[in-house]
Amino acid sequence: MHNETRKNRPVGWALAALTELMKKIMHIIGILFTCYVGFGVLLFVIQRSFIYFPTEPVAHGYDEVVFENGGEHTKSILLNSGNRNAILYFGGNAEAVAHSASEFEYEFPFYSVYLINYRGYGGSSGKPEEKALYSDALYIFDQLSTLYDSVSVIGRSLGSGVASYIASERDVKKLVLVTPFDSIQSVAQKRFPLYPMSILLTDKFNSSGRASKINSEVLILAAENDQVIGGVHTENLIKSFTNSPPSVEIIEDSGHNDISHHSKYYRTIRDFLKIEDS
C-alpha cells in the first residue's frame, strides 16, 4: 500500500503541474485575445483618422469657387478661368491643394483648373467620408460639364479613388490616376493582416471593383519607389481595366509624395491630355 502511494505521487504531481501550465496558457491566450479584440475595436472607431488628414486653409491670391451640395460647401481654387476645357483635380489625403496652384496654373495654361478641397479640408465644411466625397465629386463634375466643352479628371492617391468613381458614373473622356491603389481595403488588409478589413472598414474606395465600368482613356502615373501605396496595389488596379488597358508611366527615382517634383510628371499629363491653345 505504501509503495502504491509512492508510485502515484509522481503521476499526481505531473497532473497538477500540467493543470497549472494549462491555466497559465489560457491566461496568456485570454490576454492576447483581449488585446486583439481591443485593438480591432480601436481600429474600427478611429479608422477615418488613418484615411483622412484634413488640412487648414492656406492663404493664396487665386480665385475660389464654392459648390453647395448636401447642406455643405466645398471650396475649390480656380486657375486660368475663361478656357473652353477644364481639369478637375482631387488630391491626396493630406494634401493642401493650394500649394500646387502655381504649378497647375503654369503647366496647364489652356485649361481652367479646379483644385478641390474635400469636406473638412482647406475651409470646406463638413467631415470627409467616402459617400460624401463621391456625392460632392459628382455634383461638381455635373456642374462643370454644363460650362465646358470637356472636363478631364485627375486624382492623386486618395483622389484616385474619387476620380475613378466619377469615371465609373459619368462619361469622362480623359482620366489621370496618380499613385493609385486597387482599394483602401486592400491596402489596409496588407498592413493589418490579422484583421478582417472587409468587415471593419467603412470607407473602402474600391477602384478596382469599378474599373470595368470605366470607358475613359486612362493614364496611370506610378512612383518607382512608392512606400505608401505598394506596387502590387497599382498593378491590381491596372489589371482591373477590362474595357481598354490604361497607359502606364512609371516616374523613375520618385516616391509617393515627391512624384510631382519630376519634370516628366506634368509633361506626361500634358501629352496625354493633348492640350491645345483654346
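Residues numbered from 1 in each chain as written. Predicted model: local features only at pLDDT ≥ 70, side-chain atom pairs only at ≥ 80, totals over all residues. Heavy atoms only, no water.

J.: Teacher, can you tell me more about a nonpolar patch on the surface here?
T.: A cluster of nonpolar side chains, Phe33, Tyr36, Val37, Val41, Phe44, Val45 and Leu194, forms an exposed patch at the surface whose accessible area comes to about 700 Å². Note that Leu194 resides in the loop between α5 (184-191) and α6 (197-200). (Patch = residues over 30% accessible without salt bridge, like charges linked within 9 Å, V, L, I, M, F, W, Y side chains within 5 Å. Areas by Shrake-Rupley, 256 points an atom, 1.4 Å probe, with all protein chains shown as cover. Salt bridge = Lys/Arg side-chain N within 4 Å of Asp/Glu carboxyl O. Helix = DSSP H or I, 4+ residues; strand = E, 2+ residues; numbered from the N terminus.)

J.: How should the environment of Gly255 be read in this particular structure?
T.: The topology assignment puts Gly255 in the loop between β8 (247-251) and α9 (263-273). The spatial distance from the C-alpha of Gly255 to the C-alpha of Thr179 is 9.2 Å, given a sequence separation of 76 residues. Sequence-distant contacts of Gly255, defined by excluding residues within four places in its chain, comprise Ala223 and Asn225. (Contact = heavy atoms within 4.5 Å.)

J.: Just checking my understanding: could you explain the sheet that holds strand β1 (residues 63-69) for this structure?
T.: Strand pairing in a sheet is mediated by backbone hydrogen bonds. Such pairs are either parallel or antiparallel. Spatial ordering of the open sheet is given by β1-β2-β4-β3-β5-β6-β7-β8, a layout of 8 strands whose pairing is mixed. This sheet does not close on itself; its edge strands, each paired only once, are β1 and β8. Neighbouring strand axes in the sheet, compared pairwise and without regard to direction, differ in orientation by 20° on average. As judged from the 4 bridges shared by strand β2 (residues 72-79) and strand β4 (residues 112-116), these two strands associate in the antiparallel manner. The residue bridging Ser76 from the neighbouring strand is Ile116, located in β4. Strand contacts of helix α8 (residues 231-240): β6 (174-178), β7 (217-223) and β8, with the helix running at about 170° to β7, the strand carrying the most contacts. Helix-sheet contacts for α9 involve β3 (85-90), β5 (150-156), β6, β7 and β8, and the interaxial angle to β7 is about 170°. (Pairing = 2+ DSSP bridges. Axes fitted to C-alpha atoms, helices over the stretch in contact; angles between N-to-C directions.)

J.: Before we go on, may I ask you to explain the pairing of β8 in this structure?
T.: Side-chain positions along a regular strand alternate between the two faces of the sheet. By the bridge criterion, 5 bridges tie β7 to β8 in an arrangement that is parallel. Counterpart to Ile220 in the pairing with β8 is Val248. Handedness of the β-α-β unit built from β7, α8 and β8 comes out right-handed. (Right-handed = clockwise from strand over helix to strand, strands pointing away.)

J.: What is the right way to look at the pattern of salt bridges in this model?
T.: If the charged atoms of two oppositely charged side chains come close together, the side chains can form a pair. Throughout the structure, instances matching the rule amount to 10 salt bridges. Arg270 is the salt-bridge partner of Glu107, the closest N and O atoms lying 2.3 Å from each other. Of this pair, Glu107 sits in helix α2 (residues 101-107) while Arg270 is found in helix α9, placing the two residues 163 residues apart along the sequence. Among the residues examined, Glu107 registers a relative accessible area of 17% and is labelled buried. A salt bridge links Arg170 to Asp142; its shortest N-O distance comes to 2.8 Å. Highlighted residues: Arg170 in the loop between α4 (158-169) and β6 and Asp142 in helix α3 (residues 130-145), separated in sequence by 28 residues. Residue classification places Arg170 among the partly exposed residues on the basis of a relative accessible area of 30%. For Asp142, a relative accessible area of 31% corresponds to the partly exposed category. (Buried < 20%, exposed > 50% of the residue type's maximum accessible area, 1.4 Å probe, protein only.)

J.: Whenever I open this one, the packing of aromatic side chains confuses me. Can you help?
T.: Aromatic ring pairs are defined here through the distance separating the ring centres and the angle between the ring planes. Within this structure, the stated rule accounts for 16 aromatic pairs. Seen in terms of ring centroids, Tyr36 and Tyr195 are 4.4 Å apart; in terms of plane orientation they differ by 5°. Their pairing is stacked. One end of the pair, Tyr36, is in helix α1 (residues 2-51); the other, Tyr195, is in the loop between α5 and α6, and 159 residues separate them in sequence. We classify Tyr195 as buried; its relative accessible area is 10%. Ring plane angle 50° and centroid distance 6.2 Å describe the contact between Phe39 and Phe192, whose orientation is recorded as tilted. Taken together, the positions of Phe39 in helix α1 and Phe192 in the loop between α5 and α6 put the pair 153 residues apart, joining distant regions of the chain. With relative accessibility at 35%, the residue Phe39 sits in the partly exposed group. Aromatic rings pair up to connect Tyr36, Phe39, Phe50, Phe192 and Tyr195 into one cluster. (Phe/Tyr/Trp six-rings, centres within 6.5 Å; stacked < 30°, edge-to-face > 60°.)

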